[in-house]
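Examining the three-dimensional arrangement
Here is what each chain is made of, one letter per residue.
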Amino acid sequence: MQVHKYDVVIVGAGGAGMRAAIESGQRARTAVLTKLYPTRSHTGAAQGGMCAALANVEEDNWEWHTFDTVKGGDYLVDQDAAEVMAKEAIDAVLDLEKMGLPFNRTPEGRIDQRRFGGHTRDHGKAPVRRACYAADRTGHMILQTLYQNCVKHNVEFYNEYYVLDLLVVEEDAVREDGTAYKQKRVAGVVSYDLATGELHVFQAKSVVFASGGAGKVFKTTSNAHTLTGDGMGIAFRRGIPLEDMEFFQFHPTGLAGLGILLTEGARGEGAILRNSEGERFMERYAPTIKDLAPRDIVARAMANEVREGRGCGPHKDYVLLDLTHLEPAHIEAKLPDITEFARTYLGVEPFTEPVPVFPTAHYAMGGIPTNIQTQVLQDNDTVIPGLFAAGEVACVSVHGSNRLGTNSLLDINVFGKRAGVAAAEYSKTADYVELPEDPENRVRGLLGGLLESNGSERVAQIRKELQDTMDANMQVFRTKESLERVLSDIASFEERYKNVTVQDKGKRFNLDLLEAVELGFLLELAKVMTVGALHREESRGGHYREDFPDRDDEKFMKHSMAYQDSSASTEHVAGIRLETKPVIFTRYEPMERKY
Amino acid sequence: MSTSTAEPASKVELPASAGGGGEIPSFDITLRVRRYNPEVSEEAHWDDFTLTMYGTDRVLDALHKVKWEHDGSLSFRRSCAHGICGSDAMRINGRNRLACKTLLKDLDTSKPITVEPIKGLPVEKDLIVDMEPFFQSYREVMPFLIPGGHEPTKERLQTIEDRARFDDTTKCILCAACTSSCPVFWTDGQYFGPAAIVNAHRFIFDSRDDAGDMRLEILNDKEGVWRCRTTFNCSEACPRGIQITQAIAEVKQAILSRNI
């Protein structure tokens, strides 16, 4: 058994992981484990910008940003967390600039800012220029800048190390009110070295999960092939709850049929959506801010246009993003990459032709629950000492039921930094938790089982069918029937998964084996998402139930917390226990959400 | 600043062609892949796969089709699948490209499409190479901002023109298509290679940076910019369209004049 010992282990090297590493690496002995190379992480695919109330181009303040975030999330946002994020946004942008990030500039040489969906002046009066950006490559620049600074600070990376288990021990403990409970403590992680097929145990005082999202549960997605929710799945299997998993964001403007992201910054720069009749239909759905309404509203409007027969193309199954009224030089300067995507992948020239678009699965609002110190919770209140999470894998919850554009790049910087500091500080006073006996046991069993299986089922086939049913039944519009359909499909996929075969039996770069492992996470997470969606009989933010079209604050103004529990069942699904957690309110009372 | 154009019309007459064409055509291809797995044999060989593909498919889709439906052991790196992460640089019909950005219909599908690992880096398995020597060169050019003077409270100011000066080289995704297309790099693995020089250029010409002289000294090394023979392979290979040969020329010029 190969055992490494570090003060802090960070799982994932995207924006949140590397932002954490820059802080932690200067304070404590830190290792970063990533299933990719750091610069391959999907933060690099983010395009439009990162909001902060710098007020460089017009009046703005962090309180307006907080309000927009809370309202954007349809009031399911924890307001203390939103306030932290909006306040610390300003330093987060300035930190990046000082690290070297090449932001676009104003004529005065300051960081330029542009409009983005749901970000408004004075509580919804009009769109505001709040998004700091570098053309339509803001995520790329953030990822590169953070990696450059990791190189500068000699951060230690373990590239292509797949973390497949979290080592957790449970101790008997007693609450203040005298009740007994099991306190979880983190001892480290188990990882699989892709190059050699060897297992490595990393013992650590602090573990930070920053492993990103799970968009590959859907077929049409802006997410990378590697975004299979490993971190969420690992935590869930170790008895850690997942919060608000029914809320998944569908980004309005994915390239039709492909799902490749076209930034909302395009609409921020003046592009608009049209249906087959040439109509700017967002005027009907959001009269004040129109095409710059939040993503859930725009995505639903698009899907509705298609459903009502006003879609474009041979199958009338998409709408159009129209940039043709904008100056080509302006598009070229501000949106060079997305125009190239349209040309490369659809053969459409955006200067002169509108671009076919349709909503694409983009972002998990839910994840591993944390408090604003990024400490992971094992229930509504109890912190797991030494375990932290930040970024898309986490649910802090700043996005509530619908994330505003740019707030994810902000989230990873603000809470990534907090996680890095907190994990390092914790490691200075904590002792190592003793490793459990045979720590690799679970992972060895998992991999061995898959390698030895002589079944006839193919990973790719099951995955495709999972993605198909999720797109058909768990996307923008949901009903009791559609969700029950998904759950019965998943039940049959789970049976077939037991018979899955891995053709590659070797040790070196066995990606065939890892795709099988990843499918296991996808199945589990799709089930948790769908159970939550079935249970939540209301419509809020990204979760829209046609059979319950209104928001129901009385019954559902609360976070959902899904636990793996073999003795429980929810919505007739065995093994999942669903509980709730109160939403934290500070300043804002829930109001009807209009734009 | 964004330009403000007039509010677009609520309704327009769309041209009949709007939204693109009809059904997507399908066609058959032969994908000829260079295979190597030292667990099985020290010898590399070619495998042919006949596949039915569609007009919107890319080489990456063909590789996935092989892996997912025919031979699960075929190994290659990929992640984002739209040209941003830089994982899937490979040699396609003898040219370095990203598999996810190369549409099959743009290749000659009447002949086998050959796919090999990028050259000049040790092959680990099939299309996967050891990237460590590549990143080692990258790290050696100090690829991070080293600003001078006191740190301001707010952002450092930079004019639009100064920002534009190094824009082209900020686009690099470290895919290694350029470096592994360079004949000098093939024969001399010590050469920094185009990608490292591109990333040095990105900081040398950033008005906020104060360590240009140090980087120029590093690149003035015998394994530095002077090994470049201006064959333009790198510029042709770059999936991001970076004018790499020009960036190298600018660095050479800066070394000679010590004037950034």
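Residue positions are given per chain, counting from 1 as you read along its sequence in written order. Following the order in which they are written, the chains are lettered starting with A and the ligands numbered starting with 1. Residues qualify for local features only when their pLDDT is at least 70, as the model is predicted, and side-chain atom pairs are given and counted only at 80 or more; totals for whole chains, interfaces and linings, by contrast, use all residues. To get the side-chain values, all heavy atoms of the structure are used, and hydrogens and water are removed first.

In the annotation of an unreviewed UniProt entry, the entry for chain B reads Fumarate reductase iron-sulfur subunit, and the organism field reads Arthrobacter horti. Under the UniProt heading Pathway (unreviewed entry), the note attached to chain B is "Carbohydrate metabolism; tricarboxylic acid cycle." UniProt positions are given in the numbering used here, feature names are shortened, and annotations may be inferred rather than shown by experiment. In UniProt, chain B has this text filed under Catalytic activity (unreviewed entry): "a menaquinone + succinate = a menaquinol + fumarate".

Per an unreviewed UniProt entry, the recorded name for chain A is Succinate dehydrogenase flavoprotein subunit, and the organism is Arthrobacter horti. What the UniProt record of chain A gives under Pathway (unreviewed entry) is the line "Carbohydrate metabolism; tricarboxylic acid cycle; fumarate from succinate (bacterial route): step 1/1."

What about the overall build of chain A?
Strands here are runs of E lasting at least two residues and helices are runs of H or I lasting at least four, both read from the DSSP assignment and numbered beginning at the N terminus. Secondary structure summary: chain A contains 16 helices and 22 strands in total. Here the globule rule reads 2.2 Å times residues to the power 0.38, and the radius of gyration is calculated from C-alpha atoms. For chain A, whose C-alpha radius of gyration is 23 Å, the value lies close to the compact-globule estimate of 25 Å for 595 residues. Projected onto its principal axes, the C-alpha positions of chain A cover 65 × 50 × 50 Å. For every residue, the accessible area obtained with a 1.4 Å probe (protein chains only) is divided by the maximum for its type, and the residue is called buried under 20%, exposed over 50%, and partly exposed between those limits. A burial count over chain A gives 70% of its 595 residues as buried.

Points about the overall build of chain B
Along chain B, the regular secondary structure elements total nine helices and seven strands. Counting the 260 residues in chain B, one finds 54% classified as buried. Residues count as neighbours in contact if any of their non-hydrogen atoms are within 4.5 Å of one another. In chain B, 64% of the contacts between residues at least 6 apart in sequence involve partners at least 24 apart.

A look at the sheet that holds strand E4 (residues 113-121) of chain A
Here the rule is simple: two strands pair whenever DSSP picks up at least two bridges between them. In space, the three strands of this open sheet follow the order E3-E5-E4 (chain A), with antiparallel pairing throughout. Lying at the two open borders of the sheet, with one neighbouring strand each, are strand E3 (50-51) and E4 of chain A.

Let's talk about the domain arrangement of chain B
All names here are of chain B. The domain limits used here are those given by an automatic or database domain assignment. Under the domain assignment used here, chain B contains domain 1 (26-129) and domain 2 (132-146 + 160-257). Measuring from the centre of the C-alpha atoms in domain 1 to the corresponding centre in domain 2 gives 28 Å. In this complex, domain 1 contributes 15 residues to the contact, which on the side of domain 2 involves 15 residues. For the pair domain 1 and domain 2, the summed buried surface comes to about 1,100 Å²; carbon and sulfur atoms form 61% of the total. Within this document, salt bridges are pairs made up of a side-chain nitrogen of Lys or Arg and a carboxyl oxygen of Asp or Glu, the two lying within 4 Å of each other. Our count for the contact surface shared by domain 1 and domain 2 stands at zero salt bridges. Buried surface area refers to the total accessible area, computed with a probe of radius 1.4 Å, that the two partners give up upon joining, counted for both partners together.

Some details on the packing of helix H12 (residues 441-452) of chain A against helix H15 (residues 511-535) of chain A
Residue and element names in this part refer to chain A. Interaxial distance between H12 and H15 falls to 10 Å at its minimum, and their mutual angle equals 115°. One finds that H12 runs roughly perpendicular with respect to H15. For the crossing formed where H12 meets H15, the hand is right-handed. Along the contact surface, H12 presents Leu446, Leu447, Leu450 and Leu451, while H15 presents Leu513, Ala516 and Val517. By the convention adopted, Pro, Cys, Tyr, Trp, Phe, Met, Ile, Leu, Val and Ala count as nonpolar, Lys, Arg, Asp and Glu as charged, and the other residues, Gly among them, as polar. The class makeup of the residues in the contact of H12 with H15 is seven nonpolar, no polar and no charged. Fitted lines through C-alpha atoms serve as axes, helices being fitted only where they are in contact, and the angles separating the N-to-C directions of these axes extend from 0 to 180 degrees. Each angle receives one of four descriptions, namely roughly parallel if under 35 degrees, roughly antiparallel if over 145, roughly perpendicular if within 65 to 115, and oblique otherwise. Should the near helix be turned anticlockwise from the far one by less than a right angle, the crossing is termed left-handed; should it be turned clockwise, right-handed.

Considering helix H14 (residues 480-497) of chain A
All names here are of chain A. Expected helix span is computed as 1.5 Å times (number of residues minus one). Counted at 1.5 Å a residue, the expected span for H14 with its 18 residues is 26 Å, and the 25 Å between its end C-alpha atoms agrees. Within H14, burial applies to Ser482, Leu483, Val486, Leu487, Asp489, Ile490, Phe493 and Tyr497. Down the axis of H14, the smallest arc covering the buried residues is 165°, so these residues share one side. Looking at the buried residues of H14, the elements they touch are H12, helix H13 (459-473), strand E20 (500-501), H15 and strand E22 (573-582). Throughout, the arc means the angular range of directions from the helix axis out to the C-beta atoms.

A closer look at helix H2 (residues 62-72) of chain A
Along an α-helix, residues three or four apart share an orientation, since each turn contains 3.6 residues. All names here are of chain A. Along H2, ten of the eleven residues are buried, which leaves the element largely enclosed by surrounding structure. Taken together, the buried positions of H2 are occupied by Glu63, Trp64, His65, Thr66, Phe67, Asp68, Thr69, Val70, Lys71 and Gly72. For H2, the elements touching its buried residues are E3, helix H3 (79-99), E4, strand E5 (126-132) and helix H11 (407-429). In the analysis that follows, any N or O atom pair within 3.5 Å is treated as a polar contact, provided that within protein one partner can donate a hydrogen and the other can accept it, and provided that, for residues neighboring in sequence, both atoms belong to side chains. Near the N-terminus of H2, the side chain that reaches the backbone nitrogen of Glu63, with its oxygen 2.9 Å away, is that of Asn61. Downstream of H2 by one or two residues, Asp74 has phi in the positive range, about 55°.

Points about the interface of chain A and chain B
Each partner contributes residues to the interface: chain A has 83 residues there, and chain B has 81 residues. Note on chain A versus chain B: buried area summed over both sides is about 7,100 Å², and carbon and sulfur give 50% of it. Inspection of the chain A/chain B interface yields eleven salt bridges. One salt bridge connects B:Arg77 with A:Glu160, and the closest N-O pair in it is separated by 2.6 Å. Inspection of the region where chain A meets chain B yields 44 residue pairs in polar contact (both at pLDDT 80 or more). At the level of secondary structure, the elements contributing two or more residues to the side of chain A that touches chain B comprise H3, helix H4 (138-152), strand E12 (272-274), helix H9 (328-334), helix H10 (336-346), H13 and H15 of chain A. Here the residues of the side of chain A that touches chain B are counted per class, giving 31 nonpolar, 23 polar and 29 charged.

Things to note about the environment of A:Pro356
Note on placement: A:Pro356 falls in strand E14 (residues 355-364). Taking the C-alpha atoms as reference points, A:Pro356 and A:Leu522, 166 residues apart in sequence, are found 29 Å from one another.

A word on the packing of helix H1 (residues 15-25) of chain A against H4(A)
Residue and element names in this part refer to chain A. Close contact between H1 and H4 brings their axes to 9 Å; oriented N to C, the two are set at 30°. Between H1 and H4, the angle is such that the two are roughly parallel. The chirality of how H1 crosses H4 is left-handed. Within the contact between the two elements, H1 uses Gly15, Met18, Arg19, Ala21 and Ile22 and H4 uses Leu143, Leu146, Tyr147, Asn149 and Cys150.

As for the UniProt feature "domain: FAD-dependent oxidoreductase 2 FAD-binding" (unreviewed entry) in chain A
When the UniProt feature table is mapped onto this chain numbering, "domain: FAD-dependent oxidoreductase 2 FAD-binding" (unreviewed entry) sits at residues 7-409 of chain A. Secondary structure content for residues 7-409 of chain A is 27% helix and 28% strand, and the end C-alpha separation is 27 Å.

Concerning the sheet that holds strand E21 (residues 558-570) of chain A
Residue and element names in this part refer to chain A. Pairing in this open sheet of three strands is antiparallel, and the strands run E10-E21-E22 from one edge to the other. Two strands lie at the open edges of the sheet, namely strand E10 (242-243) and E22, each paired on one side alone. Two elements, E10 and E21, share two bridges in a ladder whose sense is antiparallel. Across the sheet, Leu242 pairs through a bridge with Ala562, a residue of E21. Relative to E22, H15 is tilted by about 60°, and along the sheet it contacts E10, E21 and E22.

A closer look at the pairing of E5(A)
All names here are of chain A. Counting buried residues in E5 gives five out of seven residues, a clear majority hidden from the surface. Across two bridges, the pairing between E3 and E5 is antiparallel. If you follow Met50 over to E5, its bridge partner there is Cys132. For E4 and E5, the ladder comprises five bridges, and the chain directions are antiparallel. Looking across to E5, one finds that Gln113 is bridged to Cys132. Counting the residues between successive antiparallel strands, the hairpin from E4 to E5 contains four residues, one of them, Asp122, with a positive phi of roughly 45°.

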